[in-house]
Amino acid sequence: FVCSNMSRVEYLTPEGYRLDGRKATELRRIKSRLGVFSRADGSAYIEQGNTKVIVAVYGPREAAIRSKSKHDHAVINVEFTQAPFATGDRKKKGKSDRRTIEDSLLIKQTFESVVLTSLYPRSQIDLYIQILQSDGSVLAASINAATLALIDAGIPMRDMLCACTAGVLNGTPVLDINYIEQNAGGPELPVAVLPHSGGVVLLEMNSRVPLDLFERLSKLACDGAKAVYNLLQSE
Amino acid sequence: MGHTRTLAVVTADIVRPRPDRPTEGFFLFNTELSPMASPQFEVGRPSPSGIALGMHIEKAIKDSRAVDAEALCIVSGEKVWQIRVDIHILDDGGNMIDCASIAAIAALLHFRRPDISVVGSEVTVFPPDERDPVPLSVHHIPVSTSFGFFSLDGANFVVDPEIREESVMTGILTVTTNAHQELCLINKAGGISVSLAHILRCSKIAAVKAAELSELITKSIEEDHGNRKLADKTRSGGAERSLHYVQASLAPQTTAPLLEFSSSLSTKTFGENGSRRKKKGVASTTEKQPSFPVSPEQPTSANTVVSPAPSSTTPRTVRTEPTDSDSEEEGIQMLASTYNSEPKAVAVVDDWLGSNEASVPRANVPSTAPKKPKK
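So, here's what we can say about the structure. (Residues numbered from 1 in each chain as written. Chains lettered and ligands numbered in written order. Predicted model: local features only at pLDDT ≥ 70, side-chain atom pairs only at ≥ 80, totals over all residues. Heavy atoms only, no water.)

## Comments concerning the sheet that holds strand β4 (residues 75-82) of chain A
Residues and elements named next belong to chain A.
Consideration 1: Strand order across the open sheet formed by five strands is β1-β2-β3-β5-β4, with mixed pairing between neighbours. The open sheet has two edge strands with one neighbour each: β1 (30-34) and β4. Neighbour to neighbour, the strand axes of the sheet diverge by 15° on average, direction disregarded.
Consideration 2: In terms of strand pairing, strand β2 (residues 42-48) meets strand β3 (residues 51-62) through seven bridges, oriented antiparallel. Opposite I46, over in β3, you have V53 as the bridge partner.
Consideration 3: Lying on the sheet, helix α2 (residues 138-153) is in contact with β1, β2, β3, β4 and β5 (123-133); it crosses β2 at an angle near 145°. (Pairing = 2+ DSSP bridges. Helix = DSSP H or I, 4+ residues; strand = E, 2+ residues; numbered from the N terminus. Axes fitted to C-alpha atoms, helices over the stretch in contact; angles between N-to-C directions. Contact = heavy atoms within 4.5 Å.)

## Points about the nonpolar core
Consideration 1: Formed by 78 residues in total, the largest nonpolar core has its most connected members in V55, F111, L127, I143, L150 and F214 of chain A together with I186 of chain B.
Consideration 2: If sequence neighbours within four positions are ignored, F214 of chain A has contacts with L189, L203, M205 and V209 of chain A together with L183, I186, L200 and S203 of chain B.
Consideration 3: Counting 45 residues, the second-largest nonpolar core is a separate cluster that includes V67, A103, I105 and V143 of chain B. (Core = buried A, V, L, I, M, F, W, Y, C linked by side-chain atoms within 4.5 Å. Buried < 20%, exposed > 50% of the residue type's maximum accessible area, 1.4 Å probe, protein only.)

## Thoughts on the interface of chain B and chain A
Consideration 1: The partner chain A presents 29 residues to the 31 residues of chain B that form the contact.
Consideration 2: A combined buried area of about 2600 Å² lies between chain B and chain A, and 62% of that area is made up of carbon and sulfur atoms.
Consideration 3: Interface area lost by chain B to chain A is led by M55, L183 and L196 of chain B, which between them contribute 21%.
Consideration 4: Linking chain B with chain A are 11 residue pairs in polar contact (both at pLDDT 80 or more).
Consideration 5: Secondary-structure elements contributing two or more residues to the side of chain B that touches chain A are α1 (48-63), β12 (182-195) and α4 (196-233) of chain B.
Consideration 6: Broken down by element, the residue count for the side of chain B that touches chain A peaks at 14 residues, all from β12 of chain B.
Consideration 7: Taken together, the residues of the side of chain B that touches chain A sort by class into 15 nonpolar, 10 polar and six charged.
Consideration 8: Where strand β10 (residues 209-210) of chain A lies against β12 of chain B, two bridges are found, and the strand directions are antiparallel. Residue pairing in the sheet places P210 of chain A in a bridge with E182 of chain B of β12 of chain B. (Buried area = accessible area lost by both parts, 1.4 Å probe. Polar contact = N/O pair within 3.5 Å; in protein donor to acceptor, adjacent residues only side chain to side chain. Nonpolar A, V, L, I, M, F, W, Y, C, P; charged D, E, K, R; others polar.)

So this is what it looks like as structure tokens:
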């Protein structure tokens, strides 16, 4: 899906190298640290290439708003924010920004199915996600960081949820797109999987692609997510 | 679809374009989940599911570039068409997303905006009785198909979950595809983890369903278009209003869809009410634009539309050949009204369960009572 007004930037050279020197199916380097905050029950910091995300987890704790609590399992609240300095131009994203609300809801629903919330009735688990530097694949990095933070907090989960974003450059499916590649206008497919079962928990795509390309993209994204899991395990 | 009823209304205004996109018109989508649809909805603040529904429809149509935005430009940098789609969920019988998406795209396909002519920077907007209104340029028809998952590995899934299935399902996947085997939007947020193979299978099923549905939609719109042309011929000057009623329903058990189509045409003269359209700096336009109330009357029977019929056209009922379909049932009922100054398209997606309901004749009772403007 090529934009007609795209300048002739070679996102993928004929030898198969992208703008940052990676191959099509190569992930960026992942660095992570657990326990960065002393006050929070769990916290994690992840760097996926130049994308830096920090997550703090508070909980399970007593539900602040009684009416919102459920009697048989915990409620997960997600606050997903992007720092104004995260992108090249400074932009302060408000809390009621449509994209922010959407992403918060997405992450909330994703983790509600992975965390064993039935063990903590009438309580809430708060996830505060802050993007410090955004260089593409922000949703995937947030999910990975949130998984690590939940592990740090000792909250039981079904499996470690790992996420990865796939995209298309010059007609080729690629993995772990960065900011420039994201703005190229191609489709973007973040996928979160549970590595042991291979089941997909989150799959979201907003662009128009032919079905067969989608098949290749989704398979690639799932493999990418499993690779992320291996990387995180080894850390 | 089933008991789920949605109303979609499209209106157009002329406004200044966005500064970063001076040559494109834009779309505004507004979704209302009124409390009459379900006890879960409250007046005022939309619930997260309401917001998600609105965003889904917006993404499906806007992001997939279903309707050409560049064609909505009138004077670059100054005047463009702003197309506003209002979607009202009238009754929640499950799977509001699919129903609302079909309603929205059908309404956009049906909508006719007034014809304009541009001389320099003077824009003349012609009312429908002077020049025929112009349809929007729709590239493709994105149709959503939702799947509800059950069981621990998501191996069991159903297409188009009903309200009871929705309350017990463990995961939902919404796939928006079009008739060209393209995937416009796919969304699986949370819920049970499902293997990729199942998701790909679902997307293939969705592609098939979307092809069927878009064929149904285009057929209904063409028939309605034919009727509208008939109405134009019987027009007698002055303000006009024509109301069309198209209903298609598929019976589930018998897997035999019946296409019932009845139309009633009417003309009525209305007083001048002022125009809602903003005309900024337009030199020569017809100032007095009677605006017509939109509301189709909602009588006690299921969504029959009532309209006065002074002209001699009679309702026609057409039944087409039943074709095979899956267990999914759907009915499309379209109410279209054209007005002098504000062409609007109203599409109501509706469905009847069971074949006995489908055979109930729709009575169009002429009424001469003045209609209240729709909110």
